[in-house]
Amino acid sequence: MTDLCSVSSPRRTLSLSRKRRGSISFLESEDKGSGFGVSGEHGPKLAEVYGFVGSITTVVATVMYFIWAYVPESWLHSCGIFYYPSRYWALAVPTYFTVVVVLVLAFYIGVNFMATPPPTSSTVMFDEYSGEPQRWRSPDKDDDQPIEPISDLSISDMNDLMFGGTR
């Protein structure tokens, strides 16, 4: 038998010196870093687990759907499968889903058109933050002129700037 005081592990020696029971770890320090067999902060994240389970579930459900939709009934009966929905639903559910998606998109576009003001409304061009430009003249032309305050350009000024010089 070996004497408990002759253990060469520093952790075990420290725990024995404090009069506590030492714990024996069968994993070496390089095994703990790899994450295999150790639960804790290095384990898989919950989102990764949900993603993996979701992807596997999607693949299994898709395979089951195609088997149900395309395999003849005699083959299903020979496998012992007697209860399954009507084949009508193999086409009806995807069709209903597609129609619902198209109607939701049409409804969304219609609501946005109803919420948008007409092009002739003044709220299209002006809001509570728009302001007329302030006209001011500097007393001396020789001094440095400060930058004019920010303002909106009116439609008539913009038309004059763009199309006024062609006359």
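Caption draft 1: Spotlight on the overall build of the chain. Helix and strand counts for the chain come out as six helices and zero strands. Its helices and strands taken in sequence order, the chain reads α-α-α-α-α-α from the N to the C terminus. For the chain, the share of sequence-separated contacts (at least 6 apart) that also reach a separation of at least 24 residues comes to 7%. Counting only carbon and sulfur atoms, one obtains 64% of the accessible surface of the chain, whose full area is about 15700 Å².

Caption draft 2: Structural view of the nonpolar core. Core analysis: the biggest nonpolar cluster contains five residues, these being W68, V71, L76, Y84 and A90. Beyond its immediate stretch of four places on either side in the chain, W68 contacts Y84, P85, S86, R87, W89 and A90.

Caption draft 3: Fine view of the packing of aromatic side chains. Applying the stated rule across the entire model yields four aromatic pairs. Ring centres of Y88 and W89 lie 4.9 Å apart, and the angle between their planes is 75 degrees; this geometry places the pair in the edge-to-face category. Through a chain of ring-to-ring contacts, the aromatic side chains of Y65, F66, W68 and Y70 assemble into a single cluster.

Caption draft 4: Spotlight on a nonpolar patch on the surface. A cluster of nonpolar side chains, contributed by L46, V49, Y50, F52, V53, I56, V60 and M64, occupies part of the molecular surface with about 820 Å² of accessible area. Secondary-structure assignment places V53 in helix 3 (residues 46-70). We classify V53 as partly exposed; its relative accessible area is 46%.

Caption draft 5: Broad picture of the confidence of the model for the chain. In the predicted model, the chain carries a mean pLDDT of 77, and 65% of its residues have values of at least 70. Within the chain, helix 5 (residues 88-115) carries the highest mean pLDDT (96), whereas helix 2 (residues 29-34) carries the lowest (51).

Caption draft 6: The side chain of S121, seen in detail. Of note, S121 is situated in the loop between helix 5 and helix 6 (155-163). Classification of S121 by relative accessible area gives buried; the value is 19%. A distance of 2.8 Å separates the side chain of S121 from the side chain of T123, its partner in a polar contact.

Caption draft 7: The packing of helix 3 against helix 5, seen in detail. For the pair helix 3 and helix 5, interaxial distance at closest approach is 8 Å and the crossing angle is 130 degrees. Taken together, the axis directions place helix 3 and helix 5 in an arrangement best described as oblique. For the pair formed by helix 3 and helix 5, the contact residues are Y65, W68 and A69 on the first element and W89, A90 and P94 on the second. Looking at side-chain class alone, the contact of helix 3 with helix 5 contains six nonpolar, no polar and no charged residues.

The rules behind these values
- Residues numbered from 1 in each chain as written.
- Predicted model: local features only at pLDDT ≥ 70, side-chain atom pairs only at ≥ 80, totals over all residues.
- Heavy atoms only, no water.
- Helix = DSSP H or I, 4+ residues; strand = E, 2+ residues; numbered from the N terminus.
- Contact = heavy atoms within 4.5 Å.
- Areas by Shrake-Rupley, 256 points an atom, 1.4 Å probe, with all protein chains shown as cover.
- Core = buried A, V, L, I, M, F, W, Y, C linked by side-chain atoms within 4.5 Å.
- Buried < 20%, exposed > 50% of the residue type's maximum accessible area, 1.4 Å probe, protein only.
- Phe/Tyr/Trp six-rings, centres within 6.5 Å; stacked < 30°, edge-to-face > 60°.
- Patch = residues over 30% accessible without salt bridge, like charges linked within 9 Å, V, L, I, M, F, W, Y side chains within 5 Å.
- Salt bridge = Lys/Arg side-chain N within 4 Å of Asp/Glu carboxyl O.
- pLDDT = per-residue confidence, 0-100.
- Polar contact = N/O pair within 3.5 Å; in protein donor to acceptor, adjacent residues only side chain to side chain.
- Axes fitted to C-alpha atoms, helices over the stretch in contact; angles between N-to-C directions.
- Parallel < 35°, antiparallel > 145°, perpendicular 65-115°, else oblique.
- Nonpolar A, V, L, I, M, F, W, Y, C, P; charged D, E, K, R; others polar.

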